[in-house]
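Residues per chain are reported as follows:
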Amino acid sequence: MPSMRDDLETYAEDRERLLLELRRQGWRAWVPARLVRRAILLCGWRIERCHGMASSLLGLCCPESQVIQVPTDFRQRLRVPQTARAVMNETLAHELGHLRLHAPAMLKHQTKQRGWEKEANDYARVFLVPLLSLLNRLPMELLLKAEDDVQRWR
């Protein structure tokens, strides 16, 4: 069974592959949050604003249509609407995690697995932290200590 560190290193390697391909295409932002939308597009997926999403959702990964959906009233769903850009980046990185980690299983119509949300959260956290910060600061595990921080999205 892989350890948390192995998973995090895998997520960081995947992130670096995506960012390297974006840099090859001319995207020069070095802060991953500025490239999360481009990473989704690079994977051949679209981002769409949708009406009628459940009020508890900020994003949804739809592998059949290769779309990541976000509600049209995204900003209004937040307790602190001024954080909308940061929360949107985190939401998109979380959905990118589902895309990269779970989309093949979703396409096979497997039921949602217990650990998928945590894995997507971990992927998003690793994706959004600049590489130099990962290398020069706290170990990745410390970045992931908050087990369930969905409350901060509200």
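Note: the structure precedes this text.
Here goes a summary of the coordinates provided.

Calculation rules
- Residues numbered from 1 in each chain as written.
- Predicted model: local features only at pLDDT ≥ 70, side-chain atom pairs only at ≥ 80, totals over all residues.
- Heavy atoms only, no water.
- Helix = DSSP H or I, 4+ residues; strand = E, 2+ residues; numbered from the N terminus.
- Buried < 20%, exposed > 50% of the residue type's maximum accessible area, 1.4 Å probe, protein only.
- Contact = heavy atoms within 4.5 Å.
- Areas by Shrake-Rupley, 256 points an atom, 1.4 Å probe, with all protein chains shown as cover.
- Axes fitted to C-alpha atoms, helices over the stretch in contact; angles between N-to-C directions.
- Parallel < 35°, antiparallel > 145°, perpendicular 65-115°, else oblique.
- Left-handed = near helix turned anticlockwise from the far one by under 90°.
- Nonpolar A, V, L, I, M, F, W, Y, C, P; charged D, E, K, R; others polar.
- Phe/Tyr/Trp six-rings, centres within 6.5 Å; stacked < 30°, edge-to-face > 60°.
- Core = buried A, V, L, I, M, F, W, Y, C linked by side-chain atoms within 4.5 Å.

**Observations concerning the overall build of the protein**
Helices and strands together make up the secondary structure of the protein, namely seven helices and three strands. The secondary structure elements of the protein, listed N-terminal to C-terminal, are α-α-β-β-β-α-α-α-α-α. Taken over 154 residues, the protein has a buried fraction of 42%. When contacts within the protein are restricted to residue pairs at least 6 apart in sequence, long-range pairs at least 24 apart make up 52% of them. For the protein, the computed accessible surface area is about 9200 Å², with 53% contributed by carbon and sulfur atoms.

**Quick word on the environment of A86**
Counting through the fold element by element, A86 comes out in helix α3 (residues 84-101). In this structure, the C-alpha to C-alpha distance between A86 and A33, residues 53 residues apart in sequence, is 8.1 Å.

**What to know about the packing of α3 against helix α5 (residues 116-128)**
It is the contact of α3 with α5, at a shortest axis distance of 7 Å, that shows an interaxial angle of 120°. By the angle between their axes, α3 is oblique relative to α5. With respect to the hand of their crossing, α3 and α5 are arranged in right-handed fashion. Counting all contacts with α3, which are made through N89, E90, A93, H94, L96, G97, H98, R100 and L101, the residues of α5 involved are W116, E117, E119, A120, N121, Y123, A124, F127 and L128. Across the contact of α3 with α5, the residue classes tally to nine nonpolar, five polar and four charged.

**Re the packing of aromatic side chains**
Under the criterion given, the structure shown has two aromatic pairs. One aromatic cluster in this structure is built from Y11, Y123 and F127.

**Section: the nonpolar core**
Ranked by internal contacts, the top residues of the largest apolar core, which has 33 residues, are L18, I40, W45, L92, L96, L99 and F127. Residue contributions to this core peak at seven residues, all from α3. In this structure W45 touches I40, C61, C62, P63, Q66, V67, I68, L99 and A103, once residues within four positions along its chain are discounted.

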